[in-house]
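Close look at the chain arrangement
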Amino acid sequence: MTDLELPGITSSSRPRAARPPRHWADLDGAQRRDEVVGSGLPAFRADQISRRYFGQDDAEPDAWSELSVPLRRDVGDRLLPPLLTEVAAQSCDGGDTVKSVWRLTGGALVESVVMAYPKRVTACVSSQAGCGIGCPFCATGQQGLTRNLTTAEIVEQVRMARRLASSGAFAGSPDHLTNIVFMGMGEPLANYRALVAALHRILDPQPLGFGMSARNITVSTVGLVPRMLQLAEEGMPVTLALSLHAPDDELRDTLVPINHRWPVTEVLAAADAYAASTGRRYSVEYALIRDINDQPDRARELGRILSGRLTHLNLIPLNPTPGSPWTAADPDVQEEFVHLVREQGVAVTVRDTRGREIDGACGQLAAALED
Ligand code: SF4
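The model shown is predicted, which means the values in this text are computed figures rather than measured ones.

This brings us to the environment of N191. Of note, N191 is situated in the loop between β7 (179-182) and α5 (192-203). Residue class for N191 comes out buried when judged on its relative accessible area of 3%. Residues N191 and E234, spaced 43 residues apart in sequence, show a C-alpha to C-alpha distance of 15 Å.

Right, here's the structure in full:
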């Protein structure tokens, strides 16, 4: 099954966007060596380029003293073409949250966010421009899918976040990027091959990749069951975050339309299989939406179906989209909801609401700029 053949994943009617040029981060180690040798260069040049790119987060060969001046230009033009152009950046939370909007080849816009905390600096990255899942409460879901990001477009978001984190921008936080969550625009498992290749670039030891720890990487999904099972076999024990949003099929069919294809029991079984295969506890994400999925009965049902599983519940107070009737549950309703789920022995956390001041819901800022 190719990435486009998954049932229920639709693209918008927009014309197909231009494809970006091939980039160093699209290639694995063997392909990089083949590339430089095929260009008539000695194989060690591949290591030199990777040490700069993955070891120093540097993609500007103009200043690379180990290369001759003509070679610097050639490497820049052929192997490190610019893929992301920043068209907007906003910060809030006292400068500890920075959201960037990037223009891709062909004009589509995507977002990434860097959030600094006392003990970690987390990047939230996009895997698709737009999204074909169509969750009605989500700004990105209203845009439809423009196109999948390439491996290098995903990796470049990570590299930019690493540069920001190590630039001294976040006093009182680690001086480097520690965590990555694939919770930006798009459904990561609907762009499976690029996602897995990007995970290799993120996890592979330097200079093959950035050398980050799998336990600090989280991949979210609405529950593309075949891909969840496939990811479990990749040998990369990243944390899985399952976006459930409703404990019953009747409601989930409306909030996450792909539930018609893979209902609640199936996605939970796949998440259990992922946990069994990787040994990693998964999280269940639940956007708490006023008068939609915040009732006490739903809290009890959610607690019942999660009880005894290797998981914890992460409640997300919905970040409202302007003009949308969907909004966050009242604080006292949220408190009661947490209490009722915990009563059934399920661990619950409530996600902080970083980025509220800056069109913080995924896709909101990019959507505003598209208008
Ligand atoms: S919530 Fe996630 S899966 Fe649903 S439309 Fe938005 S980006 Fe897509």
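Right, let's talk about the packing of aromatic side chains for a bit. A full pass over the atoms with the stated rule returns five aromatic pairs. Ring centres of F54 and F210 lie 5.1 Å apart, and the angle between their planes is 65°; on these two criteria the pair is classed as edge-to-face. Here F54 is found in helix α2 (residues 44-56), whereas its partner F210 is found in the loop between α5 and β8 (217-221), with 156 residues between them in sequence. Note on accessibility: F54 and F210 belong to one class, buried. Ring centres of F137 and W326 lie 6.5 Å apart, and the angle between their planes is 65°; this geometry places the pair in the edge-to-face category. Taken together, the residues span a long stretch of sequence, with F137 in the loop between β5 (128-130) and β6 (145-148) and W326 in the loop between β11 (311-317) and α10 (331-342) at a distance of 189 residues. The exposure classification of F137 matches that of W326, with both residues buried. These aromatic residues form a ring-pair network of at least three members: Y53, F54 and F210. In this structure, R120 packs its charged tip against the face of Y117, placed 4.0 Å from the ring centre.

Turning our eyes to something else, we now look at the packing of helix α6 (residues 225-232) against helix α8 (residues 264-278). As a packed pair, α6 and α8 sit with axes 9 Å apart at the nearest point and diverge in direction by 5°. In terms of axis orientation, α6 runs roughly parallel to α8. From α6, V225, M228, L229, L231 and A232 reach across to α8, where they touch E266, V267, A270, A271, A273, Y274, S277 and T278. By residue class, the composition of the contact of α6 with α8 is 10 nonpolar, two polar and one charged.

Quick notes on the rules
- Residues numbered from 1 in each chain as written.
- Predicted model: local features only at pLDDT ≥ 70, side-chain atom pairs only at ≥ 80, totals over all residues.
- Heavy atoms only, no water.
- Helix = DSSP H or I, 4+ residues; strand = E, 2+ residues; numbered from the N terminus.
- Buried < 20%, exposed > 50% of the residue type's maximum accessible area, 1.4 Å probe, protein only.
- Phe/Tyr/Trp six-rings, centres within 6.5 Å; stacked < 30°, edge-to-face > 60°.
- Lys NZ or Arg CZ within 6 Å of the ring centre and 35° of its normal.
- Axes fitted to C-alpha atoms, helices over the stretch in contact; angles between N-to-C directions.
- Parallel < 35°, antiparallel > 145°, perpendicular 65-115°, else oblique.
- Contact = heavy atoms within 4.5 Å.
- Nonpolar A, V, L, I, M, F, W, Y, C, P; charged D, E, K, R; others polar.

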